[in-house]
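Chain and residue survey
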Amino acid sequence: MSSAFSNIMELTTGKPNLLSNILVRLLSFFVLVFLARFTYLVTRKPNACDSVDFCFFSSAASNGYAQISGEGDGRLRNYYYSVFQDLIAEGYLSPNSKTLCIETLTGEDVAALKEIGVSNSVGISTKPSPEVIYGRAVRQPFGNNTFDFEFSGDGSLDRSSQPVKFASEISRTLKLGGFFVVHTAAKDAYSLDSLLDLFASCRLIRYRDIDSLDSSIREVVLMKENQILDHGHKILSIDGNSGNKCPVPGYKRELIRNAEPLISEEPLKPWITLKRNRNNIRYLPSVVDISFKHRYVYIDVGARSYGSSIGSWFQKQYPKQNKTFEIYAVSANKALHKEIRTKKRVTLLPYAAWVRNETLFFEISREPTRKNEDKFRGMGRVQAVQPLSNFVGDSDRIEGFDFSDWLKNAVSERDFVVVKMNVEGSEFHLVPRLVETGAICLVDEMLIECHYNRWQRCCPGKRSSKHHKTFAQCLVLFSSLRESGVLVHQWW
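Just so it is clear, the model here is predicted, and its values are computed rather than measured. (Residues numbered from 1 in each chain as written. Predicted model: local features only at pLDDT ≥ 70, side-chain atom pairs only at ≥ 80, totals over all residues. Heavy atoms only, no water.)

So, the overall build of the chain
Just so we agree on the cut-off: The secondary structure listing takes helices from DSSP runs of H or I that are at least 4 residues long and strands from runs of E that are at least 2 residues long, numbered from the N terminus. Note on exposure labels: buried denotes an accessible area under 20% of the residue type's maximum, exposed denotes more than 50%, and partly exposed covers the range between, all computed with a 1.4 Å probe on protein chains only. Surface exposure here means Shrake-Rupley accessible area, sampled with a 1.4 Å probe, where a residue is shielded only by the protein chains that are shown.
Broken down by element type, the chain carries 15 helices and 19 strands. Taking all 492 residues of the chain together, the buried fraction comes to 48%. Within the structure as shown, the chain displays about 25100 Å² of accessible surface, and the carbon and sulfur contribution to it stands at 53%.

Written out as structure tokens, the structure reads:
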């Protein structure tokens, strides 16, 4: 018994000694690793305590600023350090510049500026820190003409839901002759043009693609000037006789050249061919970045039921790049008004789109069918609007409005505007009016269902009597729009 008791006592008293030895060895190991790392930082990079990694004595503490740790062992700060060095070498930034970093996510850009010698630097963010004060890009807490240099990294302009206000605040707080540098993931010519439009008081100095930590981005340098600039766009007349001019830069013509080819031969079965063409359409947001716009607007001219075009197509299939669109449904068909009015974020214009403000007659469709070919009793679709003086047949009195005039008052060049038009033949009146008034310049993308005397599905060998235009005339309409710089698609 005494022997067993002695063995137990040895085990219980020896266990703490064993644990202590293990802890001592582990602690010694970590101390050696820490000292080796510290020695490396001090000998290989004397300023590491200021810029990259943790060490015993942070110089940030001595100047009143807390150390901001970056991603990947200081990779982010090193990246900004390199960016600002280049900007200093090019003359856009100097140690004497009063500098602002806008909506910085980590504060590493501010820290890099101070490390490089630009001591009068500050950042704004909704998550402040010692080097970053509270503020928003769309409401900077500074007076007019405060900064010599402003920087927007971290994709802050790309993420902004209010790019116009974002740009306006920069233009307000940047001094005359000061520089604004933005890093953006959008690298196509369309998005660059949209970005420049935001900064009408700034001149483009240069842009280039650079490697960031994980991808390639675009760096754009702007300088504030005293006058409103057009950024060197070549202004071309979209209609030589009208005097109204639209900007048609080279990149836009390139987009049109790369659009899906127009169907040039009249299809024998248009209800099949034109519908298949939907899969070939290259929508503008599928090939360019549509950021940097003020508003995003979709206008359904000649809207049918909500599900036929807005709900089933635009809401579900059009590539909106996560942008929220304002939707306008232009429909004179009273039978559809109640349904459309119940839909959220859809504004109903209960009138017929026309070339002027006047009373019209909305004629009921009389599509031929085998069952009743003589009376042309159809499905009750809406026929083309007609002026009062041309009224014939069953109809409903409606009010027409000058669509071009409304468009010029409803949207601006800073908006992204998509127009779909299905107006039962009135496109041959509305499109020339849009061109004549210059309202076409406000449309980024257009989809038109052109109505002509197509072959009938119900009655082989017979054409529709609803419309008198030919497929060739429709093709001329589409071709002339594209040649004039309008991105238009054939619709069905």
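Considerations on the sheet that holds strand E1 (residues 99-102)
The cut-off we apply is this: If DSSP finds at least two bridges between two strands, the strands pair. In this analysis an axis means a line fitted to C-alpha atoms, helices contributing only their contacting stretch, and an angle means the value between N-to-C directions, from 0 to 180 degrees.
Strands sit in the order E3-E2-E1-E4-E5-E7-E6 across an open sheet of seven strands; the sheet is mixed. Strand pairing shows two members of the sheet lacking a second neighbour, strand E3 (132-134) and strand E6 (202-211), which therefore form its edges. Each strand axis lies, on average, 20° off the axis of its neighbour in the sheet, ignoring direction. The pairing of E6 with strand E7 (residues 216-224) spans nine bridges and is classified as antiparallel.

Here's the deal with the state of the cysteines
Where we set the bar: For the purposes of this analysis, a disulfide is any pair of cysteine sulfur atoms at a distance within 2.5 Å.
Following the criterion strictly, the structure yields one disulfide and no others. One disulfide bridge connects Cys450 with Cys474, the sulfur atoms lying 2.1 Å from each other. For the disulfide bridge between Cys450 and Cys474, the dihedral angle about the S-S bond is near -85°, and by the sign convention the bridge is left-handed. Taken as a pair, Cys450 in the loop between strand E18 (445-448) and helix H15 (471-483) and Cys474 in helix H15 lie far apart in primary sequence, 24 residues in all. Owing to a relative accessible area of 3%, Cys474 belongs among the buried residues under this scheme.

Here we look at helix H5 (residues 108-116)
Applicable threshold: Contacts between residues were defined by any pair of non-hydrogen atoms, one from each residue, lying within 4.5 Å.
The buried fraction of H5 amounts to eight of the nine residues, a majority that puts the element mostly inside the structure. Each element contacted by the buried residues of H5 is listed here: helix H4 (75-89), E1, strand E2 (121-125), E3 and strand E4 (147-152). Gly117 sits one or two positions beyond H5 and adopts a positive phi of about 110°.

So, the pattern of salt bridges
Going by this rule: Any Lys or Arg side-chain nitrogen located within 4 Å of an Asp or Glu carboxyl oxygen qualifies as a salt bridge.
What the rule picks out here adds up to 18 salt bridges. With a closest N to O distance of 3.4 Å, Lys175 and Asp148 form a salt bridge. On the criterion of sequence distance, the pair formed by Lys175 in strand E5 (residues 174-184) and Asp148 in strand E4 is long-range, its members being 27 residues apart. For Lys175, a relative accessible area of 29% corresponds to the partly exposed category. Judged by its relative accessible area of 25%, Asp148 falls in the partly exposed class. Its salt-bridge partner being Glu254, residue Arg257 comes within 2.5 Å of it at the nearest N-O pair.

Here we look at unusual backbone geometry
Residues other than glycine seldom take positive phi values, yet Asn145 does so here, at roughly 50°. Tracing the chain through its elements places Asn145 in the loop between E3 and E4. At Arg345, a residue that is not glycine, the phi angle is positive and equals roughly 60°. With respect to the secondary-structure elements, Arg345 resides in the loop between helix H12 (334-341) and strand E12 (346-349).

Description of the nonpolar core
As a reminder of what qualifies: Remark: nonpolar core denotes a set of buried residues (Ala, Val, Leu, Ile, Met, Phe, Trp, Tyr, Cys) joined through side-chain atoms within 4.5 Å.
In this structure, Ile299, Phe403, Trp406, Leu407, Met421 and Met446 are the most contacted members of the largest nonpolar core, which totals 49 residues. When residues of this core are assigned to their parent elements, the largest contribution, six residues, is made by H15. The residues touching Trp406, leaving out its near neighbours within four places in the chain, are Ile299, Tyr328, Leu349 and Phe401. Residues Leu255, Trp313, Ile327 and Leu336 belong to the second largest nonpolar core, which totals 30 residues.

Re the packing of aromatic side chains
Applicable threshold: Between rings of Phe, Tyr and Trp, where Trp is taken as its six-membered ring, a pair exists when centres lie within 6.5 Å; planes separated by under 30 degrees are stacked, by over 60 edge-to-face, and by other angles tilted. Should the NZ of a Lys or the CZ of an Arg lie within 6 Å of a ring centre and within 35 degrees of the ring normal, that charge is described as sitting over the ring.
A complete count under the given rule lists 27 aromatic pairs for this structure. Relative to Trp313, the ring of Tyr283 has its centre 6.1 Å away and its plane inclined at 50°; by these criteria the two rings are tilted. Highlighted residues: Tyr283 in the loop between helix H10 (270-276) and strand E10 (296-301) and Trp313 in helix H11 (residues 306-317), separated in sequence by 30 residues. The burial state of Tyr283 is the same as that of Trp313; both residues are buried. Seen from their ring centres, Tyr351 and Phe401 are 6.1 Å apart, and the 65° between their planes marks the pair as edge-to-face. With Tyr351 in the loop between E12 and strand E13 (352-354) and Phe401 in strand E16 (residues 395-402), this pair connects stretches of sequence that are 50 residues apart. Overall, the relative accessible area of 11% leaves Phe401 in the buried class. Three or more aromatic residues joined by ring pairs form one cluster here, namely Tyr283, Tyr296, Tyr298, Trp313, Phe314, Tyr318, Phe325, Phe416 and Trp491. Lying over the aromatic face of Phe147, Lys98 brings its terminal NZ or CZ to 5.9 Å of the ring centre. Residue placement shows Lys343 over the ring face of Tyr306; its charged tip is 4.9 Å from the ring centre.

Concerning empty space enclosed by the protein
Gaps left between atoms show up when a probe the size of a water molecule is rolled over them. Counted only if it meets this: Using a grid of 1 Å spacing that covers the protein atoms alone, one calls a set of points a cavity when a 1.4 Å probe fits there but cannot get out, and a pocket when the set is open and has protein on both sides within 12 Å along at least five of seven lines; lining residues are those with an atom within 4 Å of a point. Grid points are joined across faces, edges and corners, and a volume is the space filled by probe spheres set on the points. Each residue gets one label: Ala, Val, Leu, Ile, Met, Phe, Trp, Tyr, Cys and Pro are nonpolar, Asp, Glu, Lys and Arg are charged, and the others, such as Gly, are polar.
All chains considered together, the criterion is met by three cavities of 30 Å³ or more. Each pocket or cavity is described by its volume, and for the second largest cavity that value is around 80 Å³. Forming the walls of the second largest cavity are Leu274, Ile448, Glu449, Cys450, Tyr452, Arg454, Phe471, Cys474, Leu475, Phe478, Gln490 and Trp491. Ranked by the residues each element gives to the lining of the second largest cavity, the list is headed by H15, at four residues. A breakdown of the residues in the lining of the second largest cavity according to their chemical character gives nine nonpolar, one polar and two charged.

Observations concerning the environment of Val221
In this structure, Val221 sits in strand E7. Through-space distance from the C-alpha of Val221 to that of Cys202 is 9.6 Å; in sequence the pair is 19 residues apart. Here Val221 is in contact with Leu87, Tyr92, Phe179, Phe180, Val181, Arg203, Leu204, Ile205 and Arg206, once residues within four sequence places are set aside.

Section: the sheet that holds strand E17 (residues 416-421)
With parallel pairing, six strands are arranged side by side in an open sheet as E12-E11-E10-E17-E18-E19. The two strands at the open ends of the sheet, each matched to only one other strand, are E12 and strand E19 (488-490). When the angles between neighbouring strand axes are averaged without regard to direction, this sheet yields 15°. In this sheet, strand E11 (residues 326-330) lies alongside E10 in parallel orientation, the contact comprising five bridges. In the strand pairing of E11, Val301 is matched with Val330. In the packing of H11 onto the sheet, the strands contacted are E10, E11, E12, E17 and E18, and the crossing angle to E10 comes to about 150°.

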